[in-house]
Amino acid sequence: MSQPSVINIGICGLGTVGQGVWKHLARSRAALESRLGVRLKLHRASVRDLRKARAVRVPASRLTTDPLAVATDPAVQIVCELIGGTGVAREVTLAALRLGKTVVSANKALLCAHGPEIFAAARKNGGHFFFEASVAGGIPIIKALREGLVANRFGLIYGILNGTCNYILTRMEREGLGYAEILADAKRLGYAEADESLDVEGWDTAHKAGILAFLAHGAWVPTRAMLVEGITRITQTDLQFAREHGFAIKLLAVITRDFASDELFVRVHPTLLPLSKVLANVNDVYNGISVTGDVVGETTYIGRGAGQDATASAVISDIADAVILLNRGNSPLPAPVAQRCPLAPPERIRSRYYLRLDVRDRPGVLAQIATATARAGVSIADMVQRPSKHRNAATLLLTTHESNEQAIRATLARFRRLSNVLGEPLLLRIFAS
Ligand SMILES: NC(=O)c1ccc[n+]([C@@H]2O[C@H](COP(=O)([O-])OP(=O)(O)OC[C@H]3O[C@@H](n4cnc5c(N)ncnc54)[C@H](OP(=O)(O)O)[C@@H]3O)[C@@H](O)[C@H]2O)c1
């Protein structure tokens, strides 16, 4: 009987995710080997600092500080890029793909910034690129979009894609505390990075939205062409209003495609989501994604969106696919070929809106607000008044009837010109589908 072939795996980056992959691959290797019909060898790994203590035991002879040496090692067939960022990670990825190797990556920032270059390098040289762990950690959403839902066109995809933001919003809602207080706690507990801006300002979600938009529609939408807003200005006033009116506030990525005009729109913003929606009840660090296909209808995915184990689960699933590809030549359905897709202009993005603004408590101010919204073509559905933190002022909470992004931006511009409006109003979208 012939010996099963050996597949050598190289891991660039043994941090949180890399160590998780090493640990779980070592643990589940026998079961995986028996299913895949090969022997899996953790051949080499790279780190930045050889002296750093690690939770996994890696023989010194298999460690290097040179990730390119791992990526270009002729014995290594599968290269896992688990370094992060867009510098060394890009070099490592391209070097491996140019040699026709298979790369497994968890790096959403790299894919979002250099996706077309990476896929072109893979196609040109016969290499392959797998990236299940780049969006929503342990949820197999890439495989679902790429394979399971291949029969569909996707009118709407929306999701909670950042566990840190969901954790902060959930605790604010549950405990009645302010954003800054919960953020400080989240940092202490390791749920938020020391520099939290990528998460809380929406950019991490935007990177993931860009990847989902590519998979669903074949178009790379740069983050500069998206509407991206974060959660830093959400207060208890907003959360209370939302709860009283049957909503939760969630940071959502929303990807819409209008089949009539073919236009695509990708946006990231805190959203008042009806409590009747499954994702309104996805809390803490969990992620959730709703995908509506024209054939299948709505499907929903919920799970841990980050962390060592969930992310390792996704990376190992890609390694298994890579092995099948290398050993049997069975390729999973490839990612779509990139194409241009028209982006919807703001006037075609329709929504209801929630506005919070502080105004001087004077006669005639409400009339000024009503006139400003009417002149911008926006109609107020509801207005309530709350005490303001400013002296001699009131906080107004407005909701609008359905309008569009262009009109609501014109409304905000009019508010800014009113001397009776104090500070910058807060604008949130109200989800409807
Ligand atoms: N953490 C998560 O929950 C999660 C979830 C989904 C996706 N991801 C993605 O997974 C990737 C890895 O994330 P992580 O959290 O595991 O990061 P991490 O803990 O910071 O680990 C990064 C690893 O890369 C090494 N490294 C960093 N810079 C390097 C350089 N310039 N040259 C050589 N090696 C370098 C580090 O070496 P040292 O250990 O010696 O410092 C470390 O081993 C990122 O793309 C991230 O976005 C992470």
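Residues numbered from 1 in each chain as written. Predicted model: local features only at pLDDT ≥ 70, side-chain atom pairs only at ≥ 80, totals over all residues.

Here we come to the domain arrangement of the chain. Domain annotation for the chain reports domain 1 (6–137 + 308–328), domain 2 (145–304) and domain 3 (349–430). For domain 2 and domain 3, the distance between their C-alpha centroids amounts to 25 Å. Taken together, the contact pairs nine residues of domain 2 with ten residues of domain 3. Counting only elements with at least two residues in the side of domain 2 that touches domain 3, the list comes to helix 10 (236–244) and strand 10 (264–274). (Domains from an automatic or database assignment. Contact = placed C-beta atoms within 7 Å. Helix = DSSP H or I, 4+ residues; strand = E, 2+ residues; numbered from the N terminus.)

Look at any regular strand and the pattern is simple: side chains alternate between the two faces of the sheet. Summarising the sheet, strand 1 (residues 6–12) and strand 2 (residues 39–46) pair through seven bridges and their orientation is parallel. Looking across to strand 2, one finds that Cys12 is bridged to Ser46. Read from strand 1 through helix 1 (residues 16–36) to strand 2, the crossover connection turns out right-handed. Relative to strand 3 (residues 63–64), strand 2 runs parallel, the two sharing two bridges. Among the inter-strand pairings, Ala45 is bridged to a residue of strand 3, identified as Leu63. (Pairing = 2+ DSSP bridges. Right-handed = clockwise from strand over helix to strand, strands pointing away.)

With that out of the way, let us pick up the environment of Arg386. Inspection of the secondary structure assignment puts Arg386 in strand 14 (residues 380–387). For Arg386, a count of 13 C-beta atoms within 10 Å gives the class partly exposed. Considered as a pair, Arg386 and Gly288 are 98 residues apart in the sequence and their alpha carbons are 33 Å apart. Sequence-distant contacts of Arg386, that is, excluding residues within four places in its chain, are made with Thr237, Thr395 and Leu397. (Buried ≥ 20, exposed ≤ 12 C-beta atoms within 10 Å, placed from the backbone.)

Now for the site of the ligand. Taken together, 24 residues form the shell around the ligand, and within it Gly13, Gly15, Arg48, Gly84 and Ala106 come nearest. With three residues, helix 1 is the largest single contributor of residues to the shell around the ligand. Of the residues that constitute the shell around the ligand, the class distribution is ten nonpolar, ten polar and four charged. (Near = placed C-beta within 6 Å. Nonpolar A, V, L, I, M, F, W, Y, C, P; charged D, E, K, R; others polar.)

What follows deals with the environment of Lys124. Assignment of secondary structure puts Lys124 in helix 4 (residues 108–125). Judged by local crowding, Lys124 falls into the exposed class, with 11 C-beta atoms found within 10 Å. Separated by 100 residues in the primary sequence, Lys124 and His24 place their C-alpha atoms 33 Å from one another.

What follows is about unusual backbone geometry. Only a minority of non-glycine residues have a phi that is not negative, and only a minority of peptide bonds are not trans. Within the chain, Asp284 stands out as a residue other than glycine whose phi angle is a positive 60 degrees. By the element assignment, Asp284 lies in the loop between strand 10 and strand 11 (286–293). Overall, the presence of 13 C-beta atoms within 10 Å leaves Asp284 in the partly exposed class. Located in the positive-phi region is Asn392, a residue other than glycine, with phi close to 50 degrees. By C-beta crowding, Asn392 is classed as exposed, having 9 other C-beta atoms within 10 Å.

So, about helix 4. End to end, helix 4 covers just 22 Å across 18 residues, shorter than the expected 26 Å (1.5 Å per residue, more than 12% under). At His114, helix 4 shows its strongest bend, of approximately 90 degrees, with the proline Pro116 following within four residues. Residues Lys108, Leu110, Leu111, Cys112, Ile118, Phe119 and Ala122 constitute the buried set of helix 4. Contact partners of the buried residues in helix 4: helix 3 (88–98), strand 5 (102–105), strand 6 (128–130) and helix 9 (203–217). (Expected span 1.5 Å × (residues − 1). Bend = angle between axes of the 7 residues up to and from the residue.)

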